[in-house]
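# Structural characterization, general
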Amino acid sequence: MRPGPHPLSAGGRGAGRRSADPVLGPALGRAFYDRPTTIVARALIGCRLSRSAPEGLRLGRVVETEAYVARDPANHAFRGPTERNRSMFGRPGTLYVYRIHQVHCANAVTCPGEAVLLRAVEPLTVGLGDARGPGRLCRAFGLTRDDDGADLTTGGLRIFAPDQPSRGPVVRAPRVGIRMATDRLLRFALKGSPYVSSPRPWRTRPVPGNPDRVDR
DNA sequence: TCATTGATTTGCT
DNA sequence: GCAAATCAATGAT
């Protein structure tokens, strides 16, 4: 257990109040994350990821996410809490950052043991590096294991609701880079966005019914 | 303590 | 298209 509030969090002060930015408005609050993970993964598309740093503001629009849910063998929390995934069992809106190979990946925790992987953002501030792919996204925002456990609702890293109508439909596809449960359509992306990651040829799988429907 | 693995990225063929 | 890079978490010994 890490003692006290995470360094990136604002602490207990203002608990229950929406954390607001003078320009971006109110940050997404606890209730946003405290919903079914696929709903949150879909709803995050178009939202703005913000990090206020001494060097200035870093801002990007979320264009690609993946849901990691309960009873999902690809989920790091599948076998219960460990030292690495401890923050996945924190409150909704907790940040879970882990390292894989030489890079970091960032997730927003929804309910305990479930999270949304932030896979790609479209840069909205100049100087934000390429953020196509979870590793590049973390590099662009300077996220490391030190940020694990931060509170996305009050900390220096926050997410804000879309400031404009969606520029296109959200499509679903199989998740990338996993070996288990590769058939599940738990990847969400803004269709046609050039800022979506493409480690493999981006192709959506035909979805029975409405492709925008989020039901599993 | 040792071996295996990986929610990635990059570079070479 | 494919494999190497490279290291910490994890599970077995």
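Going by the structure above, here's the rest.
Quantities reported herein were computed from a predicted structural model and do not represent experimental measurements. (Residues numbered from 1 in each chain as written. Chains lettered and ligands numbered in written order. Predicted model: local features only at pLDDT ≥ 70, side-chain atom pairs only at ≥ 80, totals over all residues. Heavy atoms only, no water.)

## Some remarks on the protein's contact with DNA strand C
In the vicinity of DNA strand C, the contacting residues are Arg79, Thr82, Glu83, Arg84, Arg99, His101 and Gln102. Among the atoms of DNA strand C lying within 4 Å of the protein, the sugar-phosphate backbone contributes 68%. Here Thr82 contributes a side-chain N or O atom positioned 2.4 Å from a phosphate oxygen of DNA strand C. In this structure, Gln102 approaches DNA strand C through a side-chain N or O atom, which is 3.4 Å from a base oxygen. Considered class by class, the residues forming the surface near DNA strand C number no nonpolar, 3 polar and 4 charged. (Near = heavy atom within 4 Å. Polar contact = N/O pair within 3.5 Å; in protein donor to acceptor, adjacent residues only side chain to side chain. Nonpolar A, V, L, I, M, F, W, Y, C, P; charged D, E, K, R; others polar.)

## Points about the protein's contact with DNA strand B
Near DNA strand B there are 22 residues, and of these His76, Tyr98, Asn107, Gly135 and Arg136 occur at the shortest range. Restricting attention to atoms of DNA strand B within 4 Å of the protein, one finds that 55% of them are sugar or phosphate atoms. A distance of 2.5 Å separates a base nitrogen of DNA strand B from a polar atom in the side chain of Asn107. Taking Pro134, its main chain carries an N or O atom lying 3.4 Å from a phosphate oxygen of DNA strand B. Of all the secondary-structure elements, those providing two or more residues to the surface near DNA strand B are strand E5 (95–100), strand E6 (103–109), strand E7 (115–123) and helix H3 (134–141). Considering every element that reaches the surface near DNA strand B, the biggest residue donor is H3, with 4 residues. Here the residues of the surface near DNA strand B are counted per class, giving 11 nonpolar, 7 polar and 4 charged. (Helix = DSSP H or I, 4+ residues; strand = E, 2+ residues; numbered from the N terminus.)

## As for the packing of aromatic side chains
Tallying each qualifying case throughout the model produces 2 aromatic pairs. When the centroid spacing of 5.2 Å and the interplanar angle of 80° are considered together, the rings of Phe32 and Tyr33 count as edge-to-face. With a relative accessible area of 15%, Phe32 lands in the buried category. When the ring centre of Phe32 is taken as reference, the NZ or CZ atom of Arg35 above it lies at 4.7 Å. The ring of Tyr68 carries Arg175 above its face, with NZ or CZ at 4.6 Å from the centroid. (Phe/Tyr/Trp six-rings, centres within 6.5 Å; stacked < 30°, edge-to-face > 60°. Buried < 20%, exposed > 50% of the residue type's maximum accessible area, 1.4 Å probe, protein only. Lys NZ or Arg CZ within 6 Å of the ring centre and 35° of its normal.)

## Describing the nonpolar core
Generally speaking, a soluble globular protein has its nonpolar side chains buried in company with each other. Counting 39 residues, the largest nonpolar core has Tyr33, Leu44, Leu49, Val121, Phe141 and Ile159 as the members making the most contacts within it. Those residues in contact with Leu44, other than ones at most four positions away along the chain, are Leu28, Phe32, Val62, Thr65, Val116, Leu118 and Ile159. Residues Tyr68, Ala77, Met88 and Ala115 belong to the second largest nonpolar core, which totals 11 residues. (Core = buried A, V, L, I, M, F, W, Y, C linked by side-chain atoms within 4.5 Å. Contact = heavy atoms within 4.5 Å.)

## Points about the side chain of Asn75
Residue placement: Asn75 occurs in the loop between strand E4 (56–68) and E5. A polar contact is formed between the side chain of Asn75 and the backbone oxygen of Gly113, at a distance of 2.9 Å. The residues touching Asn75, leaving out its near neighbours within four places in the chain, are Tyr68, Val69, Ala70, Met88, Gly113 and Glu114.

## Some remarks on the state of the cysteines
The final tally for this structure, using the stated rule, is 0 disulfides. Counting only cysteine sulfurs, Cys138 is the nearest neighbor of Cys105, a cysteine outside any disulfide, at a range of 6.0 Å. As a non-bridged cysteine, Cys111 has Cys47 as the owner of its nearest cysteine sulfur, 18 Å distant. Since its relative accessible area comes to 24%, Cys111 is described here as partly exposed. (Disulfide = S-S within 2.5 Å.)

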